[in-house]
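# Topology and contacts: notes
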Amino acid sequence: MIDRADRGLTPVLALTIIIGMVAVASIGIVLVGTGALTTSSDQLEDERVEQSFVTLGSELNTVAASSDDTQSVALGLTDANGQVSLVDSGHITVSASGLEDPIIDEPTRAIEYRDGETVVAYEGGAVFRGTGSEARVVSAPQVEYRQDALRLPITRLEGVESVSNDRVRLSKVRSDRPTRDIPSVAGQFVTITIESPYYAGWAAHYERQVGEQYVTVDHANQTVAVLLGQPNPDGSYDGAVTAVGDVVGSGSSSVIGPISATGNVSVDCDVPDDCTGGEAVDLRPLDDDIAYLFETSAGDAQSIDGSTLENGTYYADELLLEKGDDLEIDLSEGDVTVLVDGNIGLDNAKIEVVNGEGTDHAARVYTTGDVAISNGNGGVTVESDDPQRFQLYGTSEMKFAIGQGTFTGTIYAPRDEPAGGTNELADTHLKSSDCSPDADWADICIGTGNVDFTGSIVSGPMSIGQKAKLTYDPSLSSVEPTIAIPPEHLPPKLDHLTVVVHEVAVESE
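Moving on, we get to the overall build of the chain. In terms of regular secondary structure, the chain is built from four helices and 38 strands. Taken across its 509 residues, the chain has 48% of its residues classed as buried. Across the chain, the fraction of contacts at a sequence separation of at least 24, relative to all contacts at a separation of at least 6, is 71%. As presented, the chain carries roughly 23,500 Å² of accessible surface, and 47% of it is formed by carbon and sulfur atoms.

What follows concerns the pairing of strand E35 (residues 451–459). Taken across its nine residues, E35 has seven buried, putting it largely inside the fold. For strand E13 (residues 241–243) and E35, the ladder comprises three bridges, and the chain directions are parallel. Counted as the bridge partner of Thr 242 is Val 458 from E35. Looking at chain direction, strand E33 (residues 405–412) and E35 are connected through eight bridges and run parallel. Within E35, the residue paired with Thr 410 across the bridge is Ser 456. Sheet topology note: the E35/strand E37 (residues 469–471) ladder contains three bridges and is parallel. Across the sheet, residue Asp 452 finds its bridge partner in E37, namely Lys 469.

Strand order across the open sheet formed by five strands is E1-E9-E38-E8-E7, with mixed pairing between neighbours. The sheet is open, and its two borders are formed by strand E1 (70–74) and strand E7 (144–146), each paired with just one other strand. The sheet shows a mean angle of 25 degrees between the axes of neighbouring strands, taken without regard to direction. The pairing of E1 with strand E9 (residues 167–176) spans five bridges and is antiparallel. Each residue of the ladder has a partner; that of Thr 70, found in E9, is Ser 171.

Turning our eyes to something else, we now look at the packing of aromatic side chains. One pass over the structure, following the stated rule, counts 11 aromatic pairs. Three or more aromatic residues joined by ring pairs make a cluster, and in this case those are Phe 128, Tyr 198, Trp 202 and Tyr 206.

Another aspect to go through is the nonpolar core. Within the largest apolar cluster, 104 residues are counted, with the highest numbers of intra-cluster contacts made by Ile 192, Phe 390, Phe 400 and Ile 446. If near-sequence neighbours (up to four positions away) are discounted, Phe 400 is found in contact with Val 371, Ile 373, Leu 392, Phe 407, Ile 411, Asn 423, Asp 443, Ile 444, Cys 445 and Phe 453. Residues Val 49, Val 63, Ala 80 and Leu 86 belong to the second largest nonpolar core, which totals 23 residues.

So, about the pairing of strand E29 (residues 371–374). Because side chains alternate across E29, one face comprises the buried residues Val 371 and Ile 373, and the other comprises Ala 372 and Ser 374, equally buried. Looking at chain direction, E29 and strand E32 (residues 400–403) are connected through four bridges and run parallel. Following the sheet pairing, Val 371 is matched in E32 by Phe 400.

Scoring rules and cut-offs
Residues numbered from 1 in each chain as written. Predicted model: local features only at pLDDT ≥ 70, side-chain atom pairs only at ≥ 80, totals over all residues. Heavy atoms only, no water. Helix = DSSP H or I, 4+ residues; strand = E, 2+ residues; numbered from the N terminus. Buried < 20%, exposed > 50% of the residue type's maximum accessible area, 1.4 Å probe, protein only. Contact = heavy atoms within 4.5 Å. Areas by Shrake-Rupley, 256 points an atom, 1.4 Å probe, with all protein chains shown as cover. Pairing = 2+ DSSP bridges. Axes fitted to C-alpha atoms, helices over the stretch in contact; angles between N-to-C directions. Phe/Tyr/Trp six-rings, centres within 6.5 Å; stacked < 30°, edge-to-face > 60°. Core = buried A, V, L, I, M, F, W, Y, C linked by side-chain atoms within 4.5 Å.

Keep in mind that these numbers describe shape and distance, not what the molecule does.
Now the structure itself:
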């Protein structure tokens, strides 16, 4: 029971509580409002900085593309919390599979605004916000890819580290065109590699341009690699032998067909005037092409389980066949591609290619290792003796040896210089196919016994043993070496590449 005195106090207490609650709520509203105002102010400053850098980037790109220009750019960031500076940011490399040296190997610098974790930067023609995996493109670089041609302008920034938040002066110094003196990149892989603290922005840009499957991101090293171009070997099967090095025969060995070699040619040739040394042989090695073929196709390939291979792609870590392990390749339904990530050895065993006559089908074997064929029943045979039906491809390090037996087909393993060393497989397992001790220099060793080779060989220095016979088939002149990469794995085609490096001086006003 509540007495009268208590009833008199209750309205006062209630009013006091209400007033307190209103006060607390008001304080909360003030605090929230203050936070919102602060957030809005930060956003406005970030947008102002971004717009300032977009303007800066536009002026920089204009000056870079000019023949001789100077521009003064007002950044208008003197009252901003952060600082503008010129920093060493990363590296850009452009390389082609047919060239020994990179087309471009250029350190990069960036004009950067930094306020704690907030970063806005101009690098290489683009404006970015954020760094690392959080970087995004604010203004895209002036990279143009159209009609199988890529134009890649690169801006080289020169100047001192300290840059004014107020005004900067941009002055064109010069332009270099490193692609002016290189041969065409058609038929080759071209890789653009960018190391940058803004790598995620670069990755997103190129993923939109060429497709994410051709852009590789290395988060740990803040690097992006962009792959362009569709590989197409630049050689042909125009002769019996095309060799980087000497071609030496012994005893009654003979070659029927043309020989072209960078070194000396000393073998019995049916038309001596067509067998000459001291020739220029400049063919692109297939190392990068074969590596990409394995990378994109090996995972989906079938294993070699049975004795017959039909239309499709097959993969093996190595292919070592012994007597009774003959392998048949049936071309009736289409091409057969075999990927061997290691050595190929035929010890008294055969690969037989059948049902290709009257078609344009071929069996193509790609290997990353060496090849050795030994004993009289070993080798490669083709129904109707058509060498274009069997094509063997290797890297610039592949060594090939056959001692006795038959080989009908082509060998395409171009190189810039002899591989050196010994044939790993012949040296340890199939010794009857090994070159004699005084012919270890040879990348191709034909015959320590009776060997009948019909087709064409493109490789390194060659030793042709006693009684061995190499016969060229003129029908091969119309056959082109092929890298059997499925169309869905081919990067965007690239026939023309133009790289221009513009040097621009940056200084405070």
